Amino acid sequence: MRRVASDPSDTPLHLFVPVFRIDECLDEIRECLEKGWTGLGFKTAQFEEAWTRYTGLPHGHFVNSATAGLHLAVRLLKERLGWREGDEIISTPLSFVSTNHAILYEGLRPVFADVDEYLCLDPESVASRISGRTRAVIFVGLGGNTGRLEAVATLCRERGLTLILDAAHMTGTRLHGRHVGAEGAASVFSFHAVKNLPTADSGMICFADADLDAAVRHWTWLGIDKDTYTRTHSDRTYKWHYEVEHVGFKYHGNSIMAALALVALKYVDADNACRRQLAAWYDEGLAGAAGIETIPIAPGCESARHLYQVLVDCRDEVMVGLNQRGIFPGVHYQDNSRYRMYADQPPCPRARLASERVISLPMHLRLERDDVQRVCDGLRAVVT
Ligand SMILES: Cc1ncc(COP(=O)(O)O)c(C=O)c1O
(Lines give C-alpha, C1' and ligand atoms only; values in the text may rest on other atoms or scores of the structure.)
Protein backbone atom coordinates (compact mmCIF):
# COMPACT_ATOMS: atom_id res chain seq x y z
CA MET A 1 0.00 0.00 0.00
CA ARG A 2 1.62 3.27 -1.19
CA ARG A 3 2.56 5.95 1.26
CA VAL A 4 2.17 9.61 0.33
CA ALA A 5 5.52 11.20 1.07
CA SER A 6 7.58 13.95 -0.45
CA ASP A 7 11.00 12.97 0.87
CA PRO A 8 11.12 9.31 1.82
CA SER A 9 14.40 9.70 3.68
CA ASP A 10 12.83 11.75 6.49
CA THR A 11 9.52 9.91 6.76
CA PRO A 12 9.33 8.37 10.23
CA LEU A 13 9.29 4.59 10.04
CA HIS A 14 7.11 3.27 12.83
CA LEU A 15 6.89 -0.27 14.15
CA PHE A 16 3.20 -0.73 13.32
CA VAL A 17 0.79 1.24 11.16
CA PRO A 18 -2.58 -0.52 10.77
CA VAL A 19 -4.18 -0.41 7.32
CA PHE A 20 -7.95 -0.41 6.90
CA ARG A 21 -9.87 -0.72 3.61
CA ILE A 22 -11.88 2.31 4.61
CA ASP A 23 -14.76 2.25 2.11
CA GLU A 24 -15.41 -1.44 2.63
CA CYS A 25 -15.24 -0.99 6.40
CA LEU A 26 -17.67 1.90 6.23
CA ASP A 27 -20.10 -0.17 4.14
CA GLU A 28 -20.03 -2.96 6.73
CA ILE A 29 -20.40 -0.50 9.60
CA ARG A 30 -23.20 1.34 7.76
CA GLU A 31 -25.15 -1.90 7.64
CA CYS A 32 -24.94 -2.11 11.44
CA LEU A 33 -25.98 1.51 11.85
CA GLU A 34 -28.86 1.21 9.39
CA LYS A 35 -30.12 -1.93 11.10
CA GLY A 36 -29.72 -0.18 14.45
CA TRP A 37 -27.69 -3.12 15.78
CA THR A 38 -24.10 -2.42 16.82
CA GLY A 39 -23.68 -4.89 19.70
CA LEU A 40 -23.40 -8.66 19.89
CA GLY A 41 -25.58 -9.95 17.06
CA PHE A 42 -25.84 -10.58 13.36
CA LYS A 43 -22.38 -9.25 12.42
CA THR A 44 -20.54 -11.07 15.20
CA ALA A 45 -22.26 -14.30 14.11
CA GLN A 46 -21.30 -13.60 10.49
CA PHE A 47 -17.68 -13.07 11.47
CA GLU A 48 -17.55 -16.22 13.60
CA GLU A 49 -18.80 -18.18 10.59
CA ALA A 50 -16.29 -16.53 8.24
CA TRP A 51 -13.51 -17.23 10.76
CA THR A 52 -14.21 -20.96 11.12
CA ARG A 53 -14.51 -21.26 7.32
CA TYR A 54 -11.16 -19.45 6.92
CA THR A 55 -9.21 -21.34 9.61
CA GLY A 56 -10.92 -24.73 9.36
CA LEU A 57 -11.18 -24.71 13.17
CA PRO A 58 -14.38 -26.33 14.44
CA HIS A 59 -15.46 -23.45 16.70
CA GLY A 60 -14.77 -19.77 17.26
CA HIS A 61 -16.38 -17.26 19.59
CA PHE A 62 -15.77 -13.56 19.02
CA VAL A 63 -14.69 -11.75 22.20
CA ASN A 64 -13.73 -8.21 23.09
CA SER A 65 -9.99 -9.00 23.34
CA ALA A 66 -7.52 -11.86 23.40
CA THR A 67 -6.96 -11.04 27.07
CA ALA A 68 -10.61 -11.89 27.75
CA GLY A 69 -10.28 -15.00 25.57
CA LEU A 70 -7.21 -16.22 27.44
CA HIS A 71 -8.95 -15.66 30.75
CA LEU A 72 -11.94 -17.72 29.64
CA ALA A 73 -9.75 -20.47 28.19
CA VAL A 74 -8.14 -20.90 31.60
CA ARG A 75 -11.44 -20.47 33.44
CA LEU A 76 -13.46 -23.00 31.48
CA LEU A 77 -10.71 -25.60 31.30
CA LYS A 78 -10.15 -25.21 35.03
CA GLU A 79 -13.84 -25.84 35.68
CA ARG A 80 -14.05 -28.73 33.25
CA LEU A 81 -10.88 -30.48 34.44
CA GLY A 82 -11.15 -29.73 38.15
CA TRP A 83 -7.99 -27.64 38.52
CA ARG A 84 -7.59 -26.11 41.97
CA GLU A 85 -6.24 -22.82 43.26
CA GLY A 86 -2.45 -22.99 43.33
CA ASP A 87 -2.23 -25.49 40.46
CA GLU A 88 0.42 -24.53 37.94
CA ILE A 89 0.45 -23.55 34.29
CA ILE A 90 3.79 -23.44 32.50
CA SER A 91 4.16 -20.30 30.43
CA THR A 92 6.74 -18.04 28.83
CA PRO A 93 8.33 -14.93 30.31
CA LEU A 94 8.63 -13.53 26.77
CA SER A 95 5.07 -12.39 26.12
CA PHE A 96 2.65 -9.57 26.70
CA VAL A 97 1.48 -9.75 30.32
CA SER A 98 -2.03 -10.81 29.26
CA THR A 99 -0.74 -14.36 28.80
CA ASN A 100 0.37 -14.65 32.40
CA HIS A 101 -2.31 -12.47 33.96
CA ALA A 102 -4.90 -14.91 32.53
CA ILE A 103 -3.40 -17.61 34.78
CA LEU A 104 -3.47 -15.39 37.86
CA TYR A 105 -7.08 -14.28 37.23
CA GLU A 106 -8.06 -17.84 38.12
CA GLY A 107 -5.89 -18.23 41.20
CA LEU A 108 -3.47 -20.53 39.38
CA ARG A 109 0.29 -20.16 39.40
CA PRO A 110 2.29 -19.28 36.27
CA VAL A 111 5.63 -21.11 36.14
CA PHE A 112 7.97 -19.77 33.51
CA ALA A 113 10.00 -22.04 31.24
CA ASP A 114 12.78 -20.83 28.98
CA VAL A 115 12.61 -20.08 25.26
CA ASP A 116 14.57 -21.52 22.34
CA GLU A 117 16.13 -19.95 19.26
CA TYR A 118 12.61 -19.14 17.94
CA LEU A 119 11.94 -17.19 21.17
CA CYS A 120 9.05 -19.61 21.81
CA LEU A 121 8.82 -22.14 24.65
CA ASP A 122 11.62 -24.72 24.60
CA PRO A 123 10.10 -28.21 25.14
CA GLU A 124 13.11 -29.35 27.17
CA SER A 125 12.76 -26.45 29.53
CA VAL A 126 8.99 -27.04 29.74
CA ALA A 127 9.63 -30.69 30.65
CA SER A 128 12.02 -29.62 33.39
CA ARG A 129 9.36 -27.38 34.97
CA ILE A 130 6.62 -30.02 35.20
CA SER A 131 5.65 -30.75 38.81
CA GLY A 132 2.88 -32.71 40.50
CA ARG A 133 0.73 -29.56 40.33
CA THR A 134 1.26 -28.75 36.65
CA ARG A 135 -2.02 -28.81 34.75
CA ALA A 136 -1.39 -26.99 31.49
CA VAL A 137 1.03 -25.18 29.21
CA ILE A 138 0.34 -21.89 27.45
CA PHE A 139 2.41 -21.69 24.27
CA VAL A 140 2.84 -18.27 22.64
CA GLY A 141 3.55 -18.20 18.90
CA LEU A 142 5.75 -15.13 19.14
CA GLY A 143 5.57 -12.93 16.06
CA GLY A 144 3.57 -15.60 14.22
CA ASN A 145 6.26 -18.28 14.53
CA THR A 146 5.25 -21.82 15.51
CA GLY A 147 8.61 -22.59 17.11
CA ARG A 148 8.50 -26.10 18.60
CA LEU A 149 4.73 -26.09 19.07
CA GLU A 150 4.37 -29.69 17.85
CA ALA A 151 6.98 -30.96 20.32
CA VAL A 152 5.26 -29.08 23.14
CA ALA A 153 1.89 -30.54 22.05
CA THR A 154 3.39 -34.06 22.08
CA LEU A 155 4.90 -33.46 25.51
CA CYS A 156 1.51 -32.28 26.80
CA ARG A 157 -0.21 -35.38 25.41
CA GLU A 158 2.42 -37.69 26.93
CA ARG A 159 2.31 -36.01 30.34
CA GLY A 160 -1.46 -35.53 30.51
CA LEU A 161 -1.26 -31.73 30.38
CA THR A 162 -3.66 -29.37 28.64
CA LEU A 163 -2.29 -27.15 25.89
CA ILE A 164 -3.57 -23.61 25.35
CA LEU A 165 -2.23 -21.68 22.38
CA ASP A 166 -1.83 -17.93 22.74
CA ALA A 167 -2.15 -17.23 19.03
CA ALA A 168 -2.44 -13.46 19.41
CA HIS A 169 0.20 -13.02 16.67
CA MET A 170 -0.85 -15.99 14.55
CA THR A 171 -3.82 -15.05 12.40
CA GLY A 172 -2.89 -16.62 9.06
CA THR A 173 0.01 -18.72 10.39
CA ARG A 174 -0.02 -22.20 8.89
CA LEU A 175 1.93 -25.24 10.00
CA HIS A 176 2.42 -27.91 7.32
CA GLY A 177 -0.25 -26.10 5.30
CA ARG A 178 -2.92 -26.07 8.03
CA HIS A 179 -4.03 -22.97 9.91
CA VAL A 180 -2.81 -23.14 13.51
CA GLY A 181 -5.20 -23.40 16.44
CA ALA A 182 -6.14 -27.08 16.59
CA GLU A 183 -3.03 -28.27 18.45
CA GLY A 184 -4.49 -28.07 21.96
CA ALA A 185 -7.71 -27.65 23.91
CA ALA A 186 -8.07 -23.94 23.10
CA SER A 187 -6.45 -21.26 21.01
CA VAL A 188 -6.90 -17.52 21.34
CA PHE A 189 -6.32 -14.91 18.60
CA SER A 190 -6.04 -11.14 18.95
CA PHE A 191 -7.57 -8.60 16.60
CA HIS A 192 -6.16 -5.63 18.48
CA ALA A 193 -5.52 -2.51 16.38
CA VAL A 194 -1.93 -3.38 15.49
CA LYS A 195 -2.34 -7.10 14.93
CA ASN A 196 -2.41 -8.80 11.51
CA LEU A 197 -6.20 -8.68 11.48
CA PRO A 198 -6.73 -5.21 12.91
CA THR A 199 -9.99 -3.95 14.44
CA ALA A 200 -9.71 -1.71 17.49
CA ASP A 201 -10.01 -4.33 20.21
CA SER A 202 -11.36 -7.82 19.77
CA GLY A 203 -10.29 -11.45 19.60
CA MET A 204 -11.41 -15.03 19.05
CA ILE A 205 -11.48 -17.99 21.42
CA CYS A 206 -11.49 -21.36 19.69
CA PHE A 207 -12.20 -24.42 21.81
CA ALA A 208 -11.69 -27.89 20.38
CA ASP A 209 -14.68 -29.11 22.38
CA ALA A 210 -18.22 -28.22 21.23
CA ASP A 211 -19.60 -28.10 24.80
CA LEU A 212 -16.94 -25.61 25.89
CA ASP A 213 -17.71 -23.50 22.82
CA ALA A 214 -21.39 -23.52 23.76
CA ALA A 215 -20.57 -22.71 27.38
CA VAL A 216 -18.22 -19.83 26.59
CA ARG A 217 -21.04 -17.98 24.80
CA HIS A 218 -22.82 -17.71 28.17
CA TRP A 219 -19.62 -16.82 30.02
CA THR A 220 -19.03 -13.81 27.74
CA TRP A 221 -22.57 -12.59 28.44
CA LEU A 222 -22.69 -12.49 32.21
CA GLY A 223 -23.86 -16.10 32.52
CA ILE A 224 -27.14 -15.33 30.74
CA ASP A 225 -28.48 -18.23 28.72
CA LYS A 226 -29.71 -16.22 25.70
CA ASP A 227 -28.14 -13.16 24.15
CA THR A 228 -30.27 -10.09 23.42
CA TYR A 229 -30.07 -10.48 19.65
CA THR A 230 -31.34 -14.06 19.78
CA ARG A 231 -34.17 -13.10 22.11
CA THR A 232 -35.17 -10.04 20.10
CA HIS A 233 -35.24 -11.99 16.84
CA SER A 234 -36.89 -15.12 18.16
CA ASP A 235 -40.58 -15.74 17.64
CA ARG A 236 -41.10 -16.65 21.27
CA THR A 237 -43.95 -14.97 23.09
CA TYR A 238 -42.03 -13.99 26.21
CA LYS A 239 -38.91 -12.53 24.60
CA TRP A 240 -37.95 -10.80 27.82
CA HIS A 241 -37.49 -14.04 29.78
CA TYR A 242 -34.03 -15.45 30.28
CA GLU A 243 -32.14 -17.49 32.84
CA VAL A 244 -28.89 -16.54 34.58
CA GLU A 245 -27.02 -19.77 35.05
CA HIS A 246 -23.89 -18.58 36.84
CA VAL A 247 -21.74 -15.51 37.26
CA GLY A 248 -20.19 -14.49 33.95
CA PHE A 249 -18.27 -11.62 32.39
CA LYS A 250 -19.07 -8.97 29.82
CA TYR A 251 -16.47 -10.17 27.35
CA HIS A 252 -18.41 -10.62 24.10
CA GLY A 253 -17.44 -8.87 20.87
CA ASN A 254 -19.63 -6.32 19.10
CA SER A 255 -20.86 -5.81 15.55
CA ILE A 256 -18.73 -2.73 14.79
CA MET A 257 -15.54 -4.67 15.56
CA ALA A 258 -16.91 -7.65 13.61
CA ALA A 259 -17.57 -5.34 10.65
CA LEU A 260 -13.90 -4.29 10.58
CA ALA A 261 -12.80 -7.89 11.09
CA LEU A 262 -14.92 -9.22 8.22
CA VAL A 263 -13.23 -6.84 5.80
CA ALA A 264 -9.73 -7.52 7.15
CA LEU A 265 -10.25 -11.28 6.94
CA LYS A 266 -10.73 -11.04 3.16
CA TYR A 267 -7.25 -9.55 2.81
CA VAL A 268 -5.28 -11.23 5.59
CA ASP A 269 -3.59 -13.87 3.44
CA ALA A 270 -2.49 -11.29 0.87
CA ASP A 271 -1.39 -8.95 3.66
CA ASN A 272 0.61 -11.70 5.34
CA ALA A 273 2.27 -12.50 2.01
CA CYS A 274 3.37 -8.81 1.88
CA ARG A 275 4.72 -9.17 5.42
CA ARG A 276 6.70 -12.23 4.39
CA GLN A 277 8.08 -10.24 1.46
CA LEU A 278 9.18 -7.49 3.86
CA ALA A 279 10.81 -10.18 6.01
CA ALA A 280 12.65 -11.57 2.99
CA TRP A 281 13.93 -8.06 2.22
CA TYR A 282 15.08 -7.69 5.83
CA ASP A 283 16.83 -11.09 5.59
CA GLU A 284 18.58 -9.89 2.44
CA GLY A 285 19.46 -6.46 3.82
CA LEU A 286 20.88 -7.86 7.05
CA ALA A 287 22.66 -10.91 5.63
CA GLY A 288 26.19 -11.14 7.00
CA ALA A 289 25.80 -8.02 9.17
CA ALA A 290 28.17 -8.24 12.12
CA GLY A 291 26.48 -8.04 15.50
CA ILE A 292 22.92 -8.49 14.20
CA GLU A 293 21.26 -11.88 14.74
CA THR A 294 17.98 -12.70 13.05
CA ILE A 295 15.37 -15.10 14.44
CA PRO A 296 14.70 -18.19 12.28
CA ILE A 297 11.23 -19.34 11.31
CA ALA A 298 10.49 -22.94 12.33
CA PRO A 299 10.49 -25.62 9.62
CA GLY A 300 7.02 -26.22 8.15
CA CYS A 301 5.76 -22.83 9.40
CA GLU A 302 4.26 -20.26 7.08
CA SER A 303 4.44 -17.43 9.55
CA ALA A 304 1.93 -14.59 9.69
CA ARG A 305 5.05 -12.47 10.25
CA HIS A 306 3.48 -10.22 12.82
CA LEU A 307 7.04 -9.36 13.84
CA TYR A 308 10.50 -9.26 12.35
CA GLN A 309 12.91 -9.49 15.28
CA VAL A 310 16.66 -9.18 15.61
CA LEU A 311 19.04 -9.51 18.54
CA VAL A 312 21.79 -6.94 19.12
CA ASP A 313 24.09 -5.97 21.97
CA CYS A 314 23.55 -2.62 23.73
CA ARG A 315 19.93 -2.72 22.54
CA ASP A 316 18.77 0.49 24.24
CA GLU A 317 21.60 2.54 22.68
CA VAL A 318 20.84 0.97 19.30
CA MET A 319 17.17 1.93 19.69
CA VAL A 320 18.11 5.53 20.46
CA GLY A 321 20.43 5.59 17.42
CA LEU A 322 17.61 4.30 15.23
CA ASN A 323 15.20 6.85 16.67
CA GLN A 324 17.67 9.59 15.71
CA ARG A 325 17.43 8.29 12.15
CA GLY A 326 13.62 8.48 12.22
CA ILE A 327 13.20 4.73 12.78
CA PHE A 328 10.96 3.71 15.67
CA PRO A 329 11.09 -0.05 16.34
CA GLY A 330 9.64 -1.89 19.35
CA VAL A 331 10.58 -4.48 21.97
CA HIS A 332 8.67 -7.78 22.28
CA TYR A 333 8.98 -8.36 25.12
CA GLN A 334 10.47 -7.40 28.41
CA ASP A 335 11.14 -10.65 30.32
CA ASN A 336 8.01 -10.77 32.52
CA SER A 337 10.09 -11.86 35.53
CA ARG A 338 11.57 -8.36 35.47
CA TYR A 339 8.17 -7.08 36.58
CA ARG A 340 7.82 -6.96 40.35
CA MET A 341 4.73 -9.13 40.40
CA TYR A 342 6.44 -11.95 38.43
CA ALA A 343 9.84 -11.65 40.13
CA ASP A 344 9.59 -14.97 42.02
CA GLN A 345 9.98 -17.11 38.89
CA PRO A 346 12.72 -19.68 38.23
CA PRO A 347 15.52 -18.31 36.04
CA CYS A 348 15.12 -18.41 32.25
CA PRO A 349 18.54 -17.24 31.05
CA ARG A 350 17.81 -17.40 27.34
CA ALA A 351 14.61 -15.38 27.69
CA ARG A 352 16.38 -12.87 29.93
CA LEU A 353 19.18 -12.38 27.44
CA ALA A 354 16.79 -12.16 24.49
CA SER A 355 14.66 -9.61 26.30
CA GLU A 356 17.75 -7.43 26.79
CA ARG A 357 18.82 -7.75 23.14
CA VAL A 358 15.62 -8.00 21.10
CA ILE A 359 14.31 -5.38 18.68
CA SER A 360 11.18 -5.66 16.53
CA LEU A 361 11.81 -3.79 13.29
CA PRO A 362 9.05 -1.84 11.49
CA MET A 363 6.58 -4.34 10.02
CA HIS A 364 3.43 -3.05 8.32
CA LEU A 365 1.77 -2.77 4.96
CA ARG A 366 2.82 0.79 4.15
CA LEU A 367 6.49 -0.11 4.03
CA GLU A 368 8.25 -0.34 0.71
CA ARG A 369 11.49 -2.00 -0.23
CA ASP A 370 13.39 1.32 0.16
CA ASP A 371 12.06 1.69 3.70
CA VAL A 372 13.31 -1.76 4.62
CA GLN A 373 16.67 -0.90 3.11
CA ARG A 374 16.72 2.31 5.15
CA VAL A 375 16.09 0.35 8.35
CA CYS A 376 18.79 -2.20 7.44
CA ASP A 377 21.30 0.54 6.61
CA GLY A 378 20.44 2.41 9.80
CA LEU A 379 20.79 -0.72 11.91
CA ARG A 380 24.11 -1.68 10.36
CA ALA A 381 25.41 1.87 10.89
CA VAL A 382 24.28 2.04 14.52
CA VAL A 383 25.47 -1.45 15.46
CA THR A 384 28.97 -1.12 14.02
C1 LIG B 1 1.25 -12.54 22.86
C2 LIG B 1 0.02 -11.75 23.23
N3 LIG B 1 -0.94 -12.34 23.95
C4 LIG B 1 -2.06 -11.69 24.29
C5 LIG B 1 -2.27 -10.38 23.92
C6 LIG B 1 -3.51 -9.68 24.33
O7 LIG B 1 -4.26 -9.30 23.21
P8 LIG B 1 -5.43 -8.25 23.33
O9 LIG B 1 -4.82 -6.89 23.21
O10 LIG B 1 -6.33 -8.56 22.16
O11 LIG B 1 -6.10 -8.46 24.61
C12 LIG B 1 -1.30 -9.72 23.17
C13 LIG B 1 -1.46 -8.31 22.78
O14 LIG B 1 -0.55 -7.58 22.54
C15 LIG B 1 -0.12 -10.42 22.81
O16 LIG B 1 0.84 -9.82 22.11
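Residues numbered from 1 in each chain as written. Predicted model: local features only at pLDDT ≥ 70, side-chain atom pairs only at ≥ 80, totals over all residues. Heavy atoms only, no water.

A.B. asks: Now, about the confidence of the model for the protein: what can you tell me, with residues and values included?
C.D. replies: In this model, the protein carries a mean pLDDT of 96, and residues with pLDDT of at least 70 account for 98%. This stretch, residues 1–6, has a pLDDT under 50; its non-local contacts, to residues over four places away or in other chains, come to 13 contacts. (pLDDT = per-residue confidence, 0-100. Contact = heavy atoms within 4.5 Å.)

A.B. asks: Which residues make up helix α7 (residues 210–219), and what values go with them?
C.D. replies: Every buried residue belonging to α7 is among Leu212, Asp213, Val216 and Trp219, and all of these are buried. Buried residues along α7 cover an arc of 115° about the axis, so they all sit on one side. Contact partners of the buried residues in α7: β2 (61–63), α3 (66–81) and β10 (203–207). Taking the backbone nitrogen of Asp211 as reference, a side-chain oxygen 2.8 Å away marks Asp209 as the first, capping residue of α7. (Buried < 20%, exposed > 50% of the residue type's maximum accessible area, 1.4 Å probe, protein only. Helix = DSSP H or I, 4+ residues; strand = E, 2+ residues; numbered from the N terminus. Arc of directions from axis to C-beta. Polar contact = N/O pair within 3.5 Å; in protein donor to acceptor, adjacent residues only side chain to side chain.)

A.B. asks: Help me get a handle on the environment of Ile22, residues and values and all.
C.D. replies: Residue position: Ile22 is located in helix α1 (residues 22–35). Accessibility expressed as a relative area gives 55% for Ile22, which makes it exposed. Placed 241 residues apart in sequence, Ile22 and Val263 show a C-alpha to C-alpha distance of 9.3 Å.

A.B. asks: Hey, could you go over the side chain of Asn196 for me, with residue numbers and the actual values?
C.D. replies: Mapped onto the elements, Asn196 comes out in the loop between β9 (186–190) and β10. In this structure the side chain of Asn196 is engaged in a polar contact, spanning 2.9 Å, whose partner is the side chain of Asn272. Reaching out from Asn196, the side chain makes a polar contact with the side chain of His306 at a distance of 2.8 Å. Look past the residues within four positions of Asn196 in its chain and what remains in contact with it is Thr171, Val268, Asn272, Arg275, Ala304, Arg305 and His306.

A.B. asks: Break down the pattern of salt bridges for me, with residues and values.
C.D. replies: According to the stated counting rule, one finds 27 salt bridges in the structure shown. Of the charged contacts, one joins Arg174 and Asp269 as a salt bridge, the two residues approaching to 3.1 Å between their closest N and O atoms. Of this pair, Arg174 sits in strand β7 (residues 174–175) while Asp269 sits in helix α9 (residues 255–286), placing them 95 residues apart in sequence. Classification of Arg174 by relative accessible area gives buried; the value is 16%. The partner of Arg315 in a salt bridge is Asp316, with the nearest N and O atoms 2.7 Å apart. Its relative accessible area of 9% is what places Arg315 among the buried residues. (Salt bridge = Lys/Arg side-chain N within 4 Å of Asp/Glu carboxyl O.)

A.B. asks: Account for the site of the ligand, naming residues and giving values.
C.D. replies: What surrounds the ligand is a group of 17 residues, the closest being Thr67, Asp166, His169, Ser190 and Tyr333. The separation between an oxygen atom of the ligand and a polar side-chain atom of Thr67 is 2.5 Å. Take Lys195: an N or O atom from its side chain is 2.8 Å from an oxygen atom of the ligand. For the ligand, whose free accessible area comes to 390 Å², the fraction covered by protein is 92%. Mapped onto the shell around the ligand, the elements with two or more residues apiece are α3 and α4 (97–105). Looking at the shell around the ligand, the element that brings in the most residues is α3, giving three residues. Counted by class, the shell around the ligand contains six nonpolar, nine polar and two charged residues. (Near = heavy atom within 4 Å. Areas by Shrake-Rupley, 256 points an atom, 1.4 Å probe, with all protein chains shown as cover. Nonpolar A, V, L, I, M, F, W, Y, C, P; charged D, E, K, R; others polar.)

A.B. asks: Could you give me a rundown of the sheet that holds strand β12 (residues 301–302), with the residues and numbers involved?
C.D. replies: Judged by pairing direction, the sheet is antiparallel, and its three strands sit side by side in the order β8-β7-β12 without closing on themselves. The open sheet terminates on both sides in strands that have one partner only, identified here as β8 (178–179) and β12. In terms of strand pairing, β7 meets β8 through two bridges, oriented antiparallel. Bridge pairing in β8 places Leu175 opposite Arg178. (Pairing = 2+ DSSP bridges.)

A.B. asks: Could you give me a rundown of the packing of aromatic side chains, with the residues and numbers involved?
C.D. replies: On inspection of all chains with the given rule, the structure shows 14 aromatic pairs. On the numbers, 6.3 Å between centres and 40° between planes, the contact of Phe96 with Tyr333 is tilted. Of this pair, Phe96 sits in the loop between β3 (88–91) and α4 while Tyr333 sits in the loop between β14 (327–328) and α11 (349–357); the two residues are 237 residues apart in sequence, bridging distant segments of the chain. Where Phe249 meets Tyr251, the ring centres are 4.9 Å apart and the plane angle is 15°; that geometry is what we call stacked. By relative accessible area, Phe249 is classed as partly exposed at 22%. With a relative accessible area of 18%, Tyr251 lands in the buried category. In textbook terms, an aromatic cluster arises when at least three aromatic residues are bridged by ring pairs, as seen for Phe47, Trp51, Tyr54, Phe62, Phe189 and Phe191. Over the aromatic face of Tyr267 sits the side chain of Arg21, whose NZ or CZ is 4.1 Å from the ring centroid. Lying across the ring of Phe42, Lys35 places its NZ or CZ 4.6 Å from the centre. (Phe/Tyr/Trp six-rings, centres within 6.5 Å; stacked < 30°, edge-to-face > 60°. Lys NZ or Arg CZ within 6 Å of the ring centre and 35° of its normal.)

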